[in-house]
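Examination of the molecular architecture
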Amino acid sequence: MNKSDNRIEYITLASVVSAIAVVFLHVNNCFWQFSTGRYWFTANIIESVFYFAVPIFFMISGAMLIDFNKRYGLKKYFNKRITKTVIPYIVWSFIGLAFQIYVIQTIALNDVSLTYIVNGLLAGNLVQIYWFFIPLFLAYISIPLFAAVNEEKRKEIFTYVVVLAFILNILVPFLISVFNLDINFSISLAIGSGALFYTLSGYLLHKYELSRKQIWILYLLSIAGLIMHLVGTYTLSMAAGEIIKTYKGFFNLPSTLYSIGFFVFIKYDLVKIMKFGYINKIVNFLNPYTFGIYLVHWYVIKSLIKIFNIEVTSIVFRLIGPFVVILISVILIYLIRKIPVISKIIP
């Protein structure tokens, strides 16, 4: 297998793993119902372990798209982004709104107005889990600017942005929060904020190779990030009697360390499982469905809970349920793609 094939293989694996992780996070949604009971202990573990899902999705976008101008022009770039993500986002947001009004009845029709819809679309919360589309769209808008940087200068410039953004946007605010320092720190680097940090990090980690020493350093930092997230959230929340978010947030230090290390782990070590034929077949089968899974799995989860009156704190549901949800989502996506015109809503 040549170097190019290996890169495609690990990205495929990363895409599938992150999609599965997203489903685990949402099946485990009882995490957000704080309790001193045993279920919240396991919910916090599941939440922390699968927290890499969204950051890795952004990293894959950077890895795959910043070199877009080698394949097509700016017009085609935006046409593809609009047809593959913007239109599905809008359509499924309206489907989700109708679903919440008429099926699970969590929104009253009288509360819905044009302003409600516009604000919901702009904030990404007509369907709660679609929030990630907004930072994703901002990353898409920014990527042509990154692509315009001369390729010979990208490593140096992107590394500069990532390191500075890590210090100013992530590390310093985290330290101020954790140690409750009375410091009004308002300095940040906008070009490396939020999803853009992961977009550039994904490109750098994809494009340039790391030494084994660097890999192990990132692994250790990744483990540290996971432990901080898991133990810090549990300890502070138990003491306060409510969920404390000091160690949470996809753009917070624990998640940053954990997600970057996990992306590196997929690229250099986890990808080795693709040598096993049955795993290779499963991953490559699921790969065309990953974005569709992001779009439809929430409806499947909500429908299963409503139809079967599932106890959402059940550990069986939270560990086995994601695989059932993924199976049903794949079948649903397959059927939708067979219907003319409607097939366009799941690229």
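Everything below is about the structure printed above this text.
The paragraphs below set out a description of the structure included in this document. Only a predicted model underlies this, so the values are computations on that prediction, with no experimental measurement involved.

A few words on the overall build of the chain. Across its full length, the chain carries 13 helices and zero strands. Listed by position from the N terminus, the elements making up the chain come as α-α-α-α-α-α-α-α-α-α-α-α-α. Taking 20 Å as the expected radius of gyration for a compact globule of 347 residues, we find that the chain reaches 20 Å, a close match to that expectation. For the C-alpha atoms alone, the extent of the chain along its principal axes is close to 55 × 55 × 50 Å. Looking at the 347 residues of the chain, the share that counts as buried comes to 50%. Pairs at least 24 residues apart make up 78% of the contacts formed inside the chain by residues separated by at least 6 positions.

With that settled, consider the side chain of Q100. Structurally, Q100 is set in helix α4 (residues 74-103). Using a relative accessible area of 9% as the deciding quantity, one classes Q100 as buried. With residues up to four places along the chain from it excluded, the contact list for Q100 reads Q105, T106, I107, L126, V127 and W298.

We now examine helix α11 (residues 277-286). I279, V283 and L286 are the residues of α11 that are buried. Seen from one end, α11 has its buried residues packed into an arc of 70 degrees, which puts them on one side. α11 presents Y278 and K281 as exposed residues on the side facing more than 90 degrees away from its buried surface.

Once that is clear, we can look at the side chain of S222. Relative to the elements of secondary structure, S222 occurs in helix α9 (residues 212-240). In this structure S222 comes out as buried when scored by relative accessible area, which is 8%. Excluding anything up to four places from it in sequence, S222 contacts L257, Y258, G261 and F262.

Looking now at the environment of I107. Among the secondary structure elements, I107 is positioned in the loop between α4 and α5 (114-123). Look at I107 and you get buried, because its relative accessible area is 14%. For the pair I107 and L97, spaced ten residues apart in the sequence, the C-alpha separation amounts to 8.0 Å. Not counting residues up to four positions away in its chain, the partners in contact with I107 are L97, Q100, I101, V112 and Y116.

Quick look at the nonpolar core now. If you look at the biggest cluster of nonpolar residues, it comprises 115 residues, and the most contacted ones within it are I56, W92, Y130 and F133. Ranked by residue count, the leading element in this core is helix α1 (residues 3-27), at 13 residues.

There is a patch of nonpolar side chains on the surface, built from L74, F78, I82, I87, L138 and I141 and spanning about 530 Å² of accessible area. Of all the secondary-structure elements, those providing two or more residues to the nonpolar patch are α4 and α6 (133-147). At four residues, the largest contribution of residues to the nonpolar patch is made by α4. Along the chain, I82 falls in helix α4.

Under the criterion given, the structure shown has eight salt bridges. In this structure, E151 and K70 form a salt bridge, with 2.9 Å as the shortest nitrogen-oxygen distance. One end of the pair, E151, is in helix α7 (residues 151-178); the other, K70, is in the loop between α3 (53-65) and α4, with 81 residues separating them in the sequence. In this structure E151 comes out as partly exposed when scored by relative accessible area, which is 29%. Residue class for K70 comes out exposed when judged on its relative accessible area of 53%. Residue E151 pairs with K207 through a salt bridge whose shortest N-O separation is 3.2 Å. Residue E151 is found in helix α7, and its partner K207 is found in helix α8 (residues 195-207); the two are separated by 56 residues along the sequence. The structure contains a network of salt bridges with shared partners spanning D67, K70, E151, R154 and K207.

Angle between the axes and distance between the axes: these two values describe a pair of packed helices. With their axes 11 Å apart at the nearest point, α3 and α6 run at an angle of 20 degrees to one another. One way to sum up the angle between α3 and α6 is to call them roughly parallel. For the pair α3 and α6, the sense of crossing is right-handed. The residues of α6 that touch α3, namely those facing F57, F58, S61 and L65, are P135, L136, Y140 and I143.

Let us now look at empty space enclosed by the protein. This structure, assessed with the given rule, holds one cavity of 30 Å³ or more. Forming the boundary of the largest cavity are V16, A19, I20, L286, T290, I293 and I326. Looking at the lining of the largest cavity, the element that brings in the most residues is α1, giving three residues. Residue composition of the lining of the largest cavity, by class: six nonpolar, one polar and no charged.

Take the packing of aromatic side chains next. We describe a pair of aromatic rings using the distance from one ring centre to the other and the angle between the two ring planes. Under the criterion given, the structure shown has 46 aromatic pairs. Here F57 and F132 contribute two aromatic rings whose centre-to-centre distance is 5.6 Å and whose plane-to-plane angle is 90 degrees, an arrangement assigned as edge-to-face. Here the residue F57 occupies a position in helix α3, and F132 occupies one in the loop between α5 and α6, the gap between them amounting to 75 residues. We note that F57, like F132, is buried. Seen from the ring of Y140, R81 lies directly overhead, with NZ or CZ sitting 5.4 Å from the centre. Geometry around Y289 places R337 over its ring, the cationic atom sitting 5.2 Å from the centre.

Scoring rules and cut-offs
Residues numbered from 1 in each chain as written. Predicted model: local features only at pLDDT ≥ 70, side-chain atom pairs only at ≥ 80, totals over all residues. Heavy atoms only, no water. Helix = DSSP H or I, 4+ residues; strand = E, 2+ residues; numbered from the N terminus. Rg over C-alpha atoms; globule rule 2.2 N^0.38 Å. Buried < 20%, exposed > 50% of the residue type's maximum accessible area, 1.4 Å probe, protein only. Contact = heavy atoms within 4.5 Å. Arc of directions from axis to C-beta. Core = buried A, V, L, I, M, F, W, Y, C linked by side-chain atoms within 4.5 Å. Patch = residues over 30% accessible without salt bridge, like charges linked within 9 Å, V, L, I, M, F, W, Y side chains within 5 Å. Areas by Shrake-Rupley, 256 points an atom, 1.4 Å probe, with all protein chains shown as cover. Salt bridge = Lys/Arg side-chain N within 4 Å of Asp/Glu carboxyl O. Axes fitted to C-alpha atoms, helices over the stretch in contact; angles between N-to-C directions. Parallel < 35°, antiparallel > 145°, perpendicular 65-115°, else oblique. Left-handed = near helix turned anticlockwise from the far one by under 90°. 1 Å grid on protein atoms, 1.4 Å probe; cavity = no way out; pocket = protein on both sides within 12 Å on 5 of 7 lines; lining within 4 Å. Points joined across faces, edges and corners; volume = space filled by probe spheres on them. Nonpolar A, V, L, I, M, F, W, Y, C, P; charged D, E, K, R; others polar. Phe/Tyr/Trp six-rings, centres within 6.5 Å; stacked < 30°, edge-to-face > 60°. Lys NZ or Arg CZ within 6 Å of the ring centre and 35° of its normal.

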